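Coordinate inspection notes
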Amino acid sequence: MARRPLPRILSTGSAQIARSRELARTAADSATDVLHPLITVTRGLRRLAAAGRRKWADTPKDKRGPLLFLVASVVLVVALVPYGPLLAVITVMAAAAWQGRERRAPEPEGPDESQTQRLQSLYEALVPYFSAPEDPAPLYAHGGEWEKAFPAYEFDGTGRVTHLSIRYPAYFTDGEAESRARVEQLLHAKSGRGREYHFVWDEEGNHLAVDVLAPLPTDIAAQRFVTAPGETVLGFTDPTQVQRTLPLGHGDERRDVPPVVWRTGVRSTEPHLLVMGQPGSGTSTLLRSIALQALQYGDVVIVEGSGTGEYACLTGRDGVLAVECGLAGALASLEWAATETERRLIAINRARQAGHPPPEDTKRPLWILLDRPSAFVHLAAADGRQDPQSLLQVPLRHGRAANVTVVVADQFDSAEALSDPVRQHTRARVVLGPATADQLEAVLGAPPHTTPVAQVPPGRGYARLGAGPVHRLQVPATPDPYDDATSEADRQAVLALLPERTTPAEAVPVETAVAEAP
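Let us look at the structure shown here. Please read all numbers here as calculations on a predicted model, not as lab measurements.

Right, let's talk about the side chain of Thr-426 for a bit. By secondary structure assignment, the location of Thr-426 is in the loop between helix 12 (420-425) and strand 14 (428-432). Looking at Thr-426, the relative accessible area reads 1%, which means it is buried. From its side chain, Thr-426 meets the backbone oxygen of Val-422 in a polar contact 2.5 Å long. Discounting chain neighbours no more than four positions away, the residues touching Thr-426 are His-272, Leu-273, Leu-274 and Leu-396.

Written out as structure tokens, the structure is:
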């Protein structure tokens, strides 16, 4: 039996009712704004009348006559005084407006009972670390007052600490990393796990500031960053760590986010980069982001040891000299890169001796990106060939002068397979994914001033450029556009950044493309 269509009044009635409700709500809000002074005065008059009734009810009966006589006398005097009635009306309206105002309950001063208990617990936990038996007037003692030790504190809506200022005695060994680490670990455990804490030690003032860091944004997609030639955006960090922001597009919105900018080239002090992480931590995403930025001004050679096709979208693109997944192709590409580095060095040296500027064919940057080169170590040993990492010695040692940059990404379980030149000449370091404090310090050369968490999103980690500070880092989302799990928005964002395809992926062998590259 065919279904009959609903009557028009039933099919469109709900939409009309919704619009009517919206109009009524808007009209009510507008009327409330316009009539707000009248509402306030009316509420005040009602409160004054209620106060008068209470005063009359509390007055004994034998005193009501004199009270009425007093009120009548005041009314008579006001009526006889020039402009008396007008002044009386103004006074009554002002009193009604004052009484009719919206009164907010005063905020309680100091912490509540639960917050006080939490602060006392933190104080008691710090007693073994900040006390000594020979101290005649200890700042920290069991059962002592936490108010002297914690001059400032803040809590969030759930009652957990978000900021804490801690005073500690001068004899505490704050100059030793082990002592500071023990206190930081204790505060992390007692203040609430699952959050990142930033610790600032003031050794001169015997003061420790603990702050809870907000999560870094994970919705920043791949896009063209406003940078100069030789600058590469590794990711984004906290606004307190850097003094620069980049304008970014997020849909129809624009916002400024502080970046971690890595500078390469002749004047760079950190010309090469090492990226370490766990599987699925986003190391390949970072290399794709670097490749897309490098292709704006230079040429790229990509060697992938995992063989998963993470960089298939770059094959045959303008500026991409090679994308290699096999041992033979990797050796050929890296051998050409070493030869090209030597050629550039000789050409630049001859030009300088002759008093001429460097040749044009040496100014275009050359990027060598290696993803998991440790995977070729066992294959090269089994085939009796040399390790591809051995061909990186010349680009790593002389790449800065020749405008050649090397980026190596690998995993923690293969860190021992990295060659000594890779370890020595990669002064810019990035660690992605969950990592222990020992792993972070081993790769970065210094511990971060924040507590690492166990669960982090892909592309989240730490970065350190040379001897600079350790920054929190969130890599922009640059997934493989050919992956089925990639969202359509991220896929289109990456495809929009890819250069035009000048050669079909399977038209020219890789060895020939590398040999013919300038």
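Within a sheet, neighbouring strands are paired by backbone hydrogen bonds and run either parallel or antiparallel to one another. Pairing in this open sheet of 4 strands is antiparallel, and the strands run 1-2-4-3 from one edge to the other. Sheet topology places strand 1 (152-155) and strand 3 (197-202) at the edges, where each strand pairs with a single neighbour. Within the sheet, the average angular offset between the axes of one strand and its neighbour, ignoring direction, is 10°. Both strand 3 and strand 4 (residues 207-212) contribute to a ladder of 6 bridges, which runs antiparallel. In the sheet register, Trp-201 faces strand 4, and the bridge partner there is Leu-208. Its contacts with the sheet put helix 6 (residues 113-126) on strand 1 and strand 2 (161-167), and the angle it makes with strand 2 is roughly 45°.

Of note, Leu-248 is situated in strand 6 (residues 246-250). According to the relative accessible area criterion, Leu-248 is buried, its value standing at 1%. When the C-alpha atoms of Leu-248 and Phe-225 are compared, they prove to be 7.4 Å apart, with 23 residues separating the residues in sequence. Sequence-distant contacts of Leu-248, that is, excluding residues within four places in its chain, are made with Ile-220, Gln-223, Phe-225, Phe-236, Glu-253, Arg-254, Arg-255 and Val-257.

Cut-offs applied
- Residues numbered from 1 in each chain as written.
- Predicted model: local features only at pLDDT ≥ 70, side-chain atom pairs only at ≥ 80, totals over all residues.
- Heavy atoms only, no water.
- Helix = DSSP H or I, 4+ residues; strand = E, 2+ residues; numbered from the N terminus.
- Buried < 20%, exposed > 50% of the residue type's maximum accessible area, 1.4 Å probe, protein only.
- Polar contact = N/O pair within 3.5 Å; in protein donor to acceptor, adjacent residues only side chain to side chain.
- Contact = heavy atoms within 4.5 Å.
- Pairing = 2+ DSSP bridges.
- Axes fitted to C-alpha atoms, helices over the stretch in contact; angles between N-to-C directions.

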